[in-house]
Amino acid sequence: MSLGDMLIVMIGAIFVNNFVLMRFLGICPFIGVSKRISDALGMGGAVLFVMLMASAATWPIQHFVLDHPDLQIGYLQTVVFILVIASLVQFVEIVLQRFLPALYDSLGIYLPLITTNCAIMGVCLLNVQEDFGFLTTLFHAFGAALGFTLALVLMAGIRERLDTADVPKSLEGAPIAFIVAGLMGIAFLGFSGMM
Amino acid sequence: MATETKTLSHEFLKGFISENPIIALMLGLCPTLAVTTAAENAVGMCGAATFVLLGSNLIVALLKSVIPPKVRIPVFIVTIATFVTIVDLVMNAFFPPIHKALGIFIPLIVVNCVILGRAEAFASKSSVANAVVDALGMGLGFGLILMVLASIREVLGAGSWFGIELLPENAKFLIMILPPGAFLGLGLLMGISNRLFRKEA
């Protein structure tokens, strides 16, 4: 795959197949951590970091271990991937705490939440499903994380203003956030003509 | 005995409205939005999630005194991942069309917070009978919302229900089966349920 194709995969993951608005991955943090822009950026940074590392770690495992013709253990994919992601998150947390305490202070509280963020596992599974090469996998993960951050930050910006709006009582909180997300999704549908 | 049956029915029923995983606890939102394009997919996801919940709640409740508290989360995750693998293989063998329609959302049941949430918050602290009933109630409560949302989306967006044509060709809202329709549908559904079941709203 040429560099141009990889860039197309990346742009596609940001806009056309936006992980939150089009693929429905990572909805829990999208609704939970989108109340302030600073929180949204912190979560986005943590996701970018873990997504790249998880993609880089699961690709060789899938291609050299799970798909190994002598082993025949492709059915262990789910168990192996979730264990790799969970231990990776722990590892990243320990390393950051030890060597980059400043970064840990800003991303730390978001890291434990990431193990159960389906966007991470989702990007690893999609890399396998789409049969991407190693470099394309990294571009895809990068685009997916940027798309996730974009959706999260846009949402946080809207919700900061929603706080002062007069929302019907039964739609306050999550329901209005979903309706806003739906309207954002309609806007993002416009990108589908790009590819 | 009377109190025991009362609590069992309570554990079962709470999953439908008062502690419904989707509309009250806000868990498991990704599959809710992603698979509700057709009622058939909702049934498949409900079956798969209920089976995994039942299996993991049962194992966790049986082993709760043996699992060291410090490593309980990894133990829960591996238990859940095992049941997810079983569901994945069974659905691939016996229901290939639904397996294909649900796609990566079957392996992603493993990160569905409803299941880990029930293992951690409920099954690891209660009796086997309560844990099983809780799993059934939560699984079916999850399925109930999936069914309602999927029915709304399929009827409005595709003009059919379980593949049966209901609306004429020119009376469909295509947006409802596209991704934004899922957000709009769930947002309104949550609003309606707040209106009906919460006193303060």
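Residues numbered from 1 in each chain as written. Chains lettered and ligands numbered in written order. Predicted model: local features only at pLDDT ≥ 70, side-chain atom pairs only at ≥ 80, totals over all residues. Heavy atoms only, no water.

## Some thoughts on helix H4 (residues 72-94) of chain B
Step number 1: In this model H4 of chain B runs 33 Å from its N-terminal to its C-terminal C-alpha over 23 residues, within 8% of the 33 Å that 1.5 Å per residue would give.
Step number 2: Within H4 of chain B, burial applies to Phe 76, Ile 77, Thr 79, Ile 80, Ala 81, Phe 83, Val 84, Thr 85, Val 87, Asp 88 and Met 91 of chain B. (Helix = DSSP H or I, 4+ residues; strand = E, 2+ residues; numbered from the N terminus. Expected span 1.5 Å × (residues − 1). Buried < 20%, exposed > 50% of the residue type's maximum accessible area, 1.4 Å probe, protein only.)

## Some thoughts on a nonpolar patch on the surface
Residues and elements named next belong to chain A.
Step number 1: Among the surface-exposed residues, Phe 91, Val 95, Phe 99, Leu 100 and Leu 103 lie close enough to one another that they form a single nonpolar patch of about 470 Å² accessible area.
Step number 2: Broken down by element, the nonpolar patch gets its largest block of residues, 3 residues, from helix H4 (residues 77-99).
Step number 3: In this structure, Leu 100 sits in the loop between H4 and helix H5 (101-107).
Step number 4: Residue class for Leu 100 comes out partly exposed when judged on its relative accessible area of 45%. (Patch = residues over 30% accessible without salt bridge, like charges linked within 9 Å, V, L, I, M, F, W, Y side chains within 5 Å. Areas by Shrake-Rupley, 256 points an atom, 1.4 Å probe, with all protein chains shown as cover. Salt bridge = Lys/Arg side-chain N within 4 Å of Asp/Glu carboxyl O.)

## Considerations on the interface of chain A and chain B
Step number 1: If you look at the interface, chain A gives 37 residues, while chain B gives 36 residues.
Step number 2: Where chain A abuts chain B, roughly 3100 Å² becomes buried across the two surfaces, and 86% of that area is made up of carbon and sulfur atoms.
Step number 3: Among the residues chain A hides against chain B, the three largest losses belong to Phe 24, Ser 170 and Phe 178 of chain A. Together they make up 22% of the total.
Step number 4: The tally of links from chain A across to chain B stands at 0 salt bridges.
Step number 5: On the surface where chain A and chain B come into contact, there are 1 residue pair in polar contact (both at pLDDT 80 or more).
Step number 6: For the side of chain A that touches chain B, the secondary-structure elements that each account for two or more residues are helix H2 (27-32), H4, helix H7 (118-129) and helix H9 (174-189) of chain A.
Step number 7: Among the elements that line the side of chain A that touches chain B, the one with the most residues is H9 of chain A, at 10 residues. (Contact = heavy atoms within 4.5 Å. Buried area = accessible area lost by both parts, 1.4 Å probe. Polar contact = N/O pair within 3.5 Å; in protein donor to acceptor, adjacent residues only side chain to side chain.)

## A look at the packing of H4 of chain A against H4 of chain B
Step number 1: Contact geometry for H4 of chain A and H4 of chain B: axes closest at 8 Å, N-to-C directions at 150 degrees. Compared by their axis directions, H4 of chain A and H4 of chain B come out roughly antiparallel. Handedness of the H4 of chain A/H4 of chain B crossing: right-handed. Together, Thr 78, Val 79, Ile 82 and Leu 83 of chain A of H4 of chain A and Ile 77, Val 78, Ala 81, Thr 82, Val 84 and Thr 85 of chain B of H4 of chain B make up the contact between the two elements.
Step number 2: Of the residues contributing to the contact of H4 of chain A with H4 of chain B, the split by class is 7 nonpolar, 3 polar and no charged. (Axes fitted to C-alpha atoms, helices over the stretch in contact; angles between N-to-C directions. Parallel < 35°, antiparallel > 145°, perpendicular 65-115°, else oblique. Left-handed = near helix turned anticlockwise from the far one by under 90°. Nonpolar A, V, L, I, M, F, W, Y, C, P; charged D, E, K, R; others polar.)

## Regarding the packing of helix H1 (residues 3-16) of chain A against helix H8 (residues 134-162) of chain A
Residues and elements named next belong to chain A.
Step number 1: For the pair H1 and H8, the least separation of the axes is 7 Å and the interaxial angle reads 25 degrees. Here H1 is positioned roughly parallel relative to H8, judged by the angle of their axes. For the crossing formed where H1 meets H8, the hand is right-handed. In contact with Leu 3, Met 6, Leu 7, Val 9, Met 10, Ala 13, Ile 14 and Phe 15 of H1, H8 contributes Leu 135, Thr 136, Phe 139, His 140, Phe 142, Gly 143, Ala 144, Leu 146, Gly 147 and Leu 150.
Step number 2: Of the residues contributing to the contact of H1 with H8, the split by class is 14 nonpolar, 4 polar and no charged.

## Focus on the confidence of the model for chain A
Step number 1: Per-residue confidence for chain A gives a mean pLDDT of 88, with 99% of residues at or over 70.
Step number 2: Taken element by element, the predicted model of chain A shows its lowest mean pLDDT in helix H6 (residues 111-114) of chain A (76) and its highest in H8 of chain A (93). (pLDDT = per-residue confidence, 0-100.)

## Digging into the environment of Met 10 of chain A
Residues and elements named next belong to chain A.
Step number 1: With respect to the element layout, Met 10 can be found in helix H1.
Step number 2: Taking the relative accessible area as the measure of exposure, Met 10 reaches 13% and is therefore buried.
Step number 3: Taking C-alpha positions, Met 10 is 4.4 Å from Gly 143, a pair spaced 133 residues apart along the chain.
Step number 4: Ignoring any residue separated from it by four or fewer positions in sequence, one finds Met 10 in contact with Phe 139, Phe 142 and Gly 143.

## Let's talk about the pattern of salt bridges
All names here are of chain B.
Step number 1: Summed over the entire model, instances satisfying the criterion amount to 6 salt bridges over all chains.
Step number 2: Residue Glu 11 pairs with Lys 14 through a salt bridge whose shortest N-O separation is 2.5 Å. For the pair Glu 11 and Lys 14, one class covers both residues: buried.
Step number 3: Notably, a salt bridge pairs Glu 120 with Arg 72, separated by 2.8 Å at the nearest N-O pair.

## Some thoughts on the packing of aromatic side chains
Between two aromatic rings, the relevant description is the distance of the centres plus the angle of the planes.
All names here are of chain A.
Step number 1: Under the defined criterion, the tally for this structure stands at 10 aromatic pairs over all chains.
Step number 2: Ring geometry for Phe 15 against Phe 191: centres 4.7 Å apart, planes inclined by 40 degrees, an arrangement best described as tilted. On the criterion of sequence distance, the pair formed by Phe 15 in helix H1 and Phe 191 in the segment after H9 is long-range, its members being 176 residues apart.
Step number 3: Each ring, one from Trp 59 and one from Phe 134, has its centre 5.4 Å from the other, and the planes form 65 degrees; the classification is edge-to-face. Of this pair, Trp 59 sits in helix H3 (residues 37-66) while Phe 134 is found in helix H8, placing the two residues 75 residues apart along the sequence.
Step number 4: Accessibility expressed as a relative area gives 17% for Trp 59, which makes it buried.
Step number 5: Take Phe 134: its relative accessible area is 33%, and that puts it in the partly exposed class. (Phe/Tyr/Trp six-rings, centres within 6.5 Å; stacked < 30°, edge-to-face > 60°.)

## Some words on the side chain of Asp 134 of chain B
Step number 1: With respect to the helices, strands and loops of the structure, Asp 134 of chain B is situated in helix H7 (residues 128-158).
Step number 2: Among all residues touching Asp 134 of chain B, those that are not within four sequence positions of it are Glu 11, Lys 14, Asn 57, Arg 118 and Phe 122 of chain B.

## What about unusual backbone geometry?
Of all residues except glycine, most have a negative phi; of all peptide bonds, most are trans.
All names here are of chain A.
Step number 1: One non-glycine residue with positive phi stands out, namely Gln 72, at about 55 degrees.
Step number 2: One can find Gln 72 in the loop between H3 and H4.
Step number 3: Positive phi is not limited to glycine here, since Asp 131 has a value of about 60 degrees.

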